[in-house]
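Structural characterization, general
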Amino acid sequence: YSMFSGCVDLTTLDLSNFDMSNITTVGSMFDSCTSLKNITLFRINSNSNKLTSISRMLRNCTSLEKVDLSMIDVSKVTDMSYMFDNCFNLRSLDLTSFSFQNDIDITDMFYNVGKEATNKPISIDMTPAGKAYIESKGNSGIDSSYAKII
């Protein structure tokens, strides 16, 4: 929780070899890492997954352009609130590996995502079920002039 929060000089990070198998929350892990542009996140697979919260994980990463979330199993996550809040410069977002099987808090998950991106609106790739889930909740904070779910 909050491991790298506020590391304002951090620009790139590869955590693909971190063992996160016993972690239950990565909330605010990179919150306000304002210079972070590129991140590859850790592997959490279904055999050892205990992860239940990714709330505020990348919140206020205002320079973030690219994030690789493909190795995270979110099947047990119940809180994704504010996850990408104020990630102004994301170029795109691939969430096709995310399952939305539980009742998940997605409050302002996408608030201001892509607001300052040069290729607005950015694409947020999801499965049809993921897209339907986000749209049915109505509180994700997505602004269609900045980002759209495809």
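As the structure is a computational prediction, the values presented were derived from the model and not from experiment.

About the thresholds
- Residues numbered from 1 in each chain as written.
- Predicted model: local features only at pLDDT ≥ 70, side-chain atom pairs only at ≥ 80, totals over all residues.
- Heavy atoms only, no water.
- Core = buried A, V, L, I, M, F, W, Y, C linked by side-chain atoms within 4.5 Å.
- Buried < 20%, exposed > 50% of the residue type's maximum accessible area, 1.4 Å probe, protein only.
- Helix = DSSP H or I, 4+ residues; strand = E, 2+ residues; numbered from the N terminus.
- Contact = heavy atoms within 4.5 Å.
- Pairing = 2+ DSSP bridges.
- Axes fitted to C-alpha atoms, helices over the stretch in contact; angles between N-to-C directions.
- Phe/Tyr/Trp six-rings, centres within 6.5 Å; stacked < 30°, edge-to-face > 60°.
- Salt bridge = Lys/Arg side-chain N within 4 Å of Asp/Glu carboxyl O.
- Arc of directions from axis to C-beta.

Comments concerning the nonpolar core
Among the nonpolar cores identified, the biggest contains 45 residues, and F30, M57 and F84 are the most heavily contacted of them. Elements represented by at least two residues in this core include exactly β5 (122-125), α1 (128-137) and β6 (147-149). Beyond its immediate stretch of four places on either side in the chain, F30 contacts F4, S5, L13, L15, L36, I39, L41, M57, L58, R59 and C61.

Brief notes about the pairing of β5
Of the two faces of β5, the one lined by I122 and I124 is fully buried and the one lined by S123 and D125 carries no buried residue. Of the strand pairs in this sheet, β5 and β6 are connected by 3 bridges, and their pairing is parallel. Its bridge partner lying in β6, I124 is registered against I149.

A short note on the sheet that holds strand β3 (residues 66-68)
Taken together, the 3 strands give an open sheet; going across it, the order is β1-β2-β3, and neighbouring strands pair in parallel fashion. Every other strand in the sheet has two partners, leaving β1 (12-14) and β3 as the edge strands with one partner each. On average, each strand axis in the sheet is inclined to that of its neighbour by 5°, with strand direction left out of account.

Considerations on the environment of R56
When you line up the elements, R56 lands in the loop between β2 (38-40) and β3. According to the relative accessible area criterion, R56 is partly exposed, its value standing at 29%.

Considerations on the sheet that holds β5
Strand pairing in a sheet relies on backbone hydrogen bonds, with the paired strands running either antiparallel or parallel. Here we have 3 strands laid out as an open sheet, ordered β4-β5-β6, and parallel in their pairing. Taken across any chain shown, the strands that pair with only one partner, and hence form the sheet edges, are β4 (92-94) and β6. Going from strand to strand, the sheet's axes swing by 15° on average, the running direction of each strand aside.

Remarks on the packing of aromatic side chains
All chains considered together, the criterion is met by 4 aromatic pairs. Between F4 and F30, the aromatic rings sit 5.4 Å apart at their centres with planes inclined by 5°, giving stacked as the arrangement. Residue F4 is located in the segment before β1, and its partner F30 is located in the loop between β1 and β2; the two are separated by 26 residues in the primary sequence. Members of the aromatic cluster, joined through ring pairs, are F98, F100 and Y133.

Some details on the pattern of salt bridges
As enumerated under the stated definition, the model contains 4 salt bridges in all. Across the pair R59 and D31 runs a salt bridge, and its minimum N-O distance is 3.7 Å. Here R59 is found in the loop between β2 and β3, whereas its partner D31 is found in the loop between β1 and β2, with 28 residues between them in sequence. Here R91 makes a salt bridge to E65, at a shortest N to O gap of 2.9 Å. You can see R91 sitting in the loop between β3 and β4 and its partner E65 sitting in the loop between β2 and β3, a full 26 residues away along the chain. Overall, R91 belongs to the partly exposed group, its relative accessible area being 48%. Via salt bridges that share partners, D31, R59 and D85 belong to a single interconnected network.

Things to note about α1
Along α1, the residues that are buried comprise G130, Y133 and I134. End-on, the buried residues of α1 take up no more than an arc of 95°, which puts them together on one face. Exposed residues lying more than 90 degrees from the buried face of α1 are P128, A129, E135 and S136. Each element contacted by the buried residues of α1 is listed here: β6. Once α1 ends, the next one or two residues include G138, with phi positive near 70°.

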